[in-house]
Protein chains: 2
Amino acid sequence: MANDWATFGADLHLELRGTRLRAGLMDALREAVRSGRLEAGTRLPSSRSLAADLGMARNTVADAYAELVAEGWLTARQGSGTRVARRTAPRPAAPSAPVLPPPGTGRGRPAAPAHNLRSGTPDLASFPRTEWLKAYRRALTDAPNEAFGYGDPRGRPELRAALAEYLARARGVHARPERIVICAGFVHGLTLIGQVLRARGVRDVAVESYGLGLHDDLLRGAGLGTPALAFDERGTRTEELAALDGCGAVLMTAAHQYPLGGALPPDRRAAVVDWARASGGLVLEDDYDGEFRYDRQPVGALQGLDPERVVYFGTASKSLAPGLRLAWMVLPAGLAEEVAAAKGAVDWSSSAPDQLAFAAFLRSGAYDRHVRAMRLRYRRRRDQLVAAVAAHSPETRVSGIAAGLHAVLALPPGTEQATLRAAAWRGLAVQGVNQFRRPTVPATLDGLVVGYATPPDSGWQSALQALCGVLP
Amino acid sequence: MANDWATFGADLHLELRGTRLRAGLMDALREAVRSGRLEAGTRLPSSRSLAADLGMARNTVADAYAELVAEGWLTARQGSGTRVARRTAPRPAAPSAPVLPPPGTGRGRPAAPAHNLRSGTPDLASFPRTEWLKAYRRALTDAPNEAFGYGDPRGRPELRAALAEYLARARGVHARPERIVICAGFVHGLTLIGQVLRARGVRDVAVESYGLGLHDDLLRGAGLGTPALAFDERGTRTEELAALDGCGAVLMTAAHQYPLGGALPPDRRAAVVDWARASGGLVLEDDYDGEFRYDRQPVGALQGLDPERVVYFGTASKSLAPGLRLAWMVLPAGLAEEVAAAKGAVDWSSSAPDQLAFAAFLRSGAYDRHVRAMRLRYRRRRDQLVAAVAAHSPETRVSGIAAGLHAVLALPPGTEQATLRAAAWRGLAVQGVNQFRRPTVPATLDGLVVGYATPPDSGWQSALQALCGVLP
């Protein structure tokens with residue numbers, strides 16, 4: 001993992017680990033607060049002076065400060081500078097529950113922000129407890145005894161059969177149960193695929209210009225390089241794949257680019273599949289929120305175009321709840337066996353009763369009903385977001401709204417950092433598009449990624465107000 | 001929670017907690033030794049006089065002394081009485097840690113045999129569906145909304161608190177919730193520990209002469225060497241650890257050697273802890289079936305001897321069901337954070353509702369009731385096995401029967417392979433001890449490892465007959 005420690009001096013001594021400077025600085029600052037080396041109330045150097053000391057861009061430091069304010073580690077007030085938050089220190093003993101750690105956040109458990117519009121988490125208050133419990137009861141009652149033992153590494157056959165039916169119907173995925181492997185979330189699935197690709201001799205897996213840093217980290221942790229594909233107003237330039245020498249796969253959010261929000265246009269969908277066919281490469285399709293599309297029929301999965309060249313990843317983390325740790329892969333012939341073998345001789349990871357409950361939930365139609373209800377709910381939130389932004393900041397363009405649980409609000413060039421700082425001052429946790437930009441990609445966009453599914457109903461209007469308050 | 005503390009006087013001041021006198025006395029004595037109130041070498045009152053002081057039956061005290069001798073806390077010698085064992089005090093800081101394996105299945109999924117006496121799986125037909133469902137319902141009803149989100153990588157606080165209480169009470173484990181990390185089974189935990197140890201610069205993790213090859217594989221997969229410790233009729237020769245250069249940890253099944261079945265004798269329990277203290281190494285204690293002991297009270301966990309030098313691994317795979325994928329580690333200070341970090345920024349692996357259900361199951365007493373019922377059931381099977389072997393093959397020695405879910409049947413030298421072939425012809429799946437022998441260990445034993453928990457009731461008698469048919 002990230003063992004390339006470097007030491008930076010000056011009056012604030014921090015150990016930076018990892019390759020990404022901002023994330024590394026944030027980790028080091030969190031660690032300094034957590035360990036007590038930076039005491040509550042301590043005033044930090046200005047971002048300008050720390051940046052000079054560390055030889056970083058000032059914005060990198062300012063970003064890190066703003067993020068840590070949003071996470072509750074630091075406070076920032078006009079005239080008083082940035083300080084370590086006064087809080088009962090994050091005791092390692094703290095048995096209290098975490099904030100919301102959407103994929104990609106650092107470690108630590110700071111106080112929750114007043115308003116949370118970070119993307120990556122669905123509305124947890126809407127988890128269908130009664131319906132899920134009903135499915136769980138049915139599953140537990142009907143389960144054969146062997147279901148309680150060590151199971152098939154691909155996962156329960158009941159769930160794979162139910163998913164094959166559902167994915168074909170709802171996502172246009174060409175799925176046979178024996179090609180499906182259940183995993184404990186996308187992160188688990190990507191880790192497995194990374195191992196298998198590396199073992200096959202793949203050198204690089206291309207990624208999109210914008211995405212979750214964690215996914216890069218996982219691939220690099222498997223020993224793979226992660227060159228970034230260029231991006232333009234029509235999305236990821238998949239036609240450039242052919243020029244990437246040594247690239248054996250590409251990780252894509254084709255149906256709904258994360259986080260920028262567009263659907264890959266048809267010619268570029270064709271281009272990525274053509275590349276895979278011509279080169280023998282694989283497309284890793286991260287269909288994280290394919291169920292939620294508002295203005296027209298869902299864009300079908302890329303996988304349907306060529307099931308032998310696309311690895312399809314789906315998850316219950318957005319459609320139901322991340323806490324269930326349920327996800328699935330649909331794999332080309334041959335690869336299914338390799339991924340199952342990478343999981344182990346038996347299923348060491350996923351609870352069999354949970355898998356059976358999810359199978360029952362799918363088969364009974366409860367999943368369809370839940371997705372339908374949530375689609376209406378999220379669409380209403382999206383419409384309220386669009387209306388509020390139009391009323392308070394008519395110049396602000398809202399994009400990526402046809403689908404998913406988040407939108408992107410474009411900001412005037414060069415204002416993203418200041419806007420994030422202003423948000424942090426208001427106790428609003430929200431992310432900037434540049435937090436998702438791969439390190440090698442030049443900065444050309446400014447904007448906010450607004451996760452409108454995250455707040456509970458009781459906090460939604462105030463979160464919206466806080467958001468509008470920081471827009472131009 | 002065992003909070004009903006009572007104070008008993010006399011020349012030995014002890015605080016007794018819990019309801020069961022013997023267990024309470026043992027806890028109090030362990031605590032007095034651990035805290036230093038009873039110094040090494042101190043001679044304890046005779047069991048007769050302590051019993052009189054405490055108003056207990058003498059046997060209760062004598063039993064507690066004997067157990068603590070077995071666990072390595074005390075020593076007893078003719079003429080010198082019972083004394084606190086001489087050993088350096090537990091240092092609070094922990095440098096490196098090892099991994100554990102979940103004794104269980106081997107690899108591969110062949111067609112189901114007619115009779116299955118492979119070890120590693122509990123009686124799946126006895127899974128307490130009704131009680132588990134009750135706990136799941138309570139958990140799902142009471143869960144806060146945030147429980148459905150991305151959670152703390154250490155696992156749910158409710159479960160860690162319930163486990164801390166249970167492990168202290170039932171296994172003599174010194175457990176604080178913040179030192180517990182939930183994982184998806186022993187294999188997951190061992191994998192995490194392997195990564196952390198390797199990152200700490202550990203080169204080798206010693207293993208026992210006999211054990212699961214999978215556990216070796218996991219450690220070697222993390223880049224660690226796995227030298228095997230010698231074994232004799234008294235068990236693993238832990239006194240030889242000091243001679244292993246570069247060994248940073250040792251993986252042990254101290255309470256019930258897997259698969260040979262003995263409990264590590266007191267002097268060797270002391271030796272492994274002494275080695276860990278002197279060398280800064282770690283003991284990885286795989287307590288896979290500690291709940292099941294038949295002829296006397298369970299041998300307490302090694303971890304209680306020095307919580308800063310022992311990583312304790314427990315699992316629900318033998319006590320409840322492997323299909324739940326629930327296990328836990330109790331870690332020394334410092335290591336808990338490293339293991340949590342190796343798990344990720346959030347809990348990517350274990351279902352939150354399952355963890356909450358298990359917490360409710362523990363708290364309601366359902367777990368204790370289930371373990372008690374299963375202990376009776378397995379003991380009955382064990383007795384039937386012993387009786388059947390005695391009747392059909394009086395020369396065959398049965399060992400490892402004081403605890404656990406399997407026994408070892410000694411075979412005449414050189415006959416193991418032929419016996420396994422004969423078993424296969426009869427459709428009987430059973431393992432030979434040499435299938436568990438580390439590659440570098442010379443073959444000196446012949447025997448069968450018989451998992452008597454595995455068959456359903458309906459298949460038990462015929463499996464027993466098939467087994468007797470292949471014995472000399």
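Please refer to the structure placed before this passage.
Residues numbered from 1 in each chain as written. Chains lettered and ligands numbered in written order. Predicted model: local features only at pLDDT ≥ 70, side-chain atom pairs only at ≥ 80, totals over all residues. Heavy atoms only, no water.

Asker: Any chance you could break down unusual backbone geometry for me, citing the residues and the numbers?
Answerer: Residue and element names in this part refer to chain A. Residue Y258 is joined to P259 through a cis peptide bond whose omega torsion reads 5°. A positive phi angle, near 55°, is found at R325, a position not held by glycine. Checked against the element boundaries, R325 lands in the loop between β12 (310-315) and β13 (327-330). Take R325: its relative accessible area is 4%, and that puts it in the buried class. (Helix = DSSP H or I, 4+ residues; strand = E, 2+ residues; numbered from the N terminus. Buried < 20%, exposed > 50% of the residue type's maximum accessible area, 1.4 Å probe, protein only.)

Asker: Any chance you could break down the packing of aromatic side chains for me, citing the residues and the numbers?
Answerer: All names here are of chain A. Taken as a whole and assessed by the stated rule, the structure comprises 29 aromatic pairs over all chains. Both rings, one in Y210 and one in F231, keep their centres 5.8 Å apart while their planes meet at 65°; by these two values the pair is edge-to-face. On the criterion of sequence distance, the pair formed by Y210 in the loop between β7 (204-206) and α7 (213-221) and F231 in strand β8 (residues 231-232) is long-range, its members being 21 residues apart. Residue F231 is classed as partly exposed on the basis of its relative accessible area, which comes to 26%. (Phe/Tyr/Trp six-rings, centres within 6.5 Å; stacked < 30°, edge-to-face > 60°.)

Asker: Just give me the short version of the pairing of strand β11 (residues 282-286) of chain B, but keep the residues and values in it.
Answerer: Residues and elements named next belong to chain B. The element β11 is extensively covered by neighbouring structure, given that 5 of its 5 residues are classed as buried. Going residue by residue along β11, you find L282, L284 and D286 tucked away on one face and V283 and E285 tucked away on the opposite face as well. As paired strands, strand β10 (residues 247-252) and β11 are joined by 4 bridges and run parallel to one another. Residue pairing for β11: V250 is matched across the bridge by V283. The handedness of the β10 to β11 crossover, carried by helix α8 (residues 266-279), is right-handed. The sheet contact formed by β11 and strand β12 (residues 310-315) spans 4 bridges and is parallel. (Pairing = 2+ DSSP bridges. Right-handed = clockwise from strand over helix to strand, strands pointing away.)

Asker: Kindly report on the packing of helix α11 (residues 366-392) of chain A against helix α13 (residues 457-470) of chain A, identifying the contributing residues and their values.
Answerer: The description of two packed helices rests on the angle between their axes and on the distance between the axes. All names here are of chain A. Look at α11 against α13: their axes get within 10 Å of each other, and the N-to-C directions meet at 30°. Judged by the angle between their axes, α11 and α13 are roughly parallel. In this structure, the crossing between α11 and α13 has a hand that is right-handed. Residue-level inspection shows R377, R381, Q384, L385, A388, V389 and H392 of α11 in contact with α13, the latter providing D457, W460, Q461, L464, L467 and C468. (Axes fitted to C-alpha atoms, helices over the stretch in contact; angles between N-to-C directions. Parallel < 35°, antiparallel > 145°, perpendicular 65-115°, else oblique. Left-handed = near helix turned anticlockwise from the far one by under 90°. Contact = heavy atoms within 4.5 Å.)

Asker: A description of the nonpolar core should follow, citing residues and the corresponding values.
Answerer: Counting residues in hydrophobic clusters, the biggest one holds 139 residues, and the most contacted among them are W132(A), W328(A), F358(A), W132(B), W328(B) and F358(B). Each residue touching W132(A), except ones within four places of it in the same chain, is listed here: F127(A), L320(A), L324(A), L326(A), D354(A), A357(A), F358(A), F361(A), Y136(B) and L140(B). With 35 residues, the next largest nonpolar core counts L29(B), L44(B), V272(B) and A276(B) among its residues. (Core = buried A, V, L, I, M, F, W, Y, C linked by side-chain atoms within 4.5 Å.)

Asker: Lay out the sheet that holds strand β10 (residues 247-252) of chain A in plain terms, naming residues and giving numbers.
Answerer: Residue and element names in this part refer to chain A. What the 6 strands build is an open sheet, ordered β6-β13-β12-β11-β10-β7; its pairing is mixed. Of all strands in the sheet, those bounded by a partner on one side alone are β6 (180-183) and β7. On average, each strand axis in the sheet is inclined to that of its neighbour by 20°, with strand direction left out of account.

Asker: Requested: an account of the pattern of salt bridges, with residues and values cited.
Answerer: In this structure the tally under the stated criterion is 56 salt bridges over all chains. Across the pair E131(A) and K134(A) runs a salt bridge whose closest N-O atoms are separated by 3.4 Å. Of the two residues, E131(A) and K134(A) both sit in helix α4 (residues 129-142), 3 residues apart, roughly one turn of that helix. The partner of R237(B) in a salt bridge is E240(B), with the nearest N and O atoms 2.6 Å apart. Assessed through its relative accessible area of 25%, R237(B) is described here as partly exposed. Three or more residues are tied together by salt bridges with common partners; here these are D232(A), R237(A), E239(A), E240(A) and R268(A). (Salt bridge = Lys/Arg side-chain N within 4 Å of Asp/Glu carboxyl O.)

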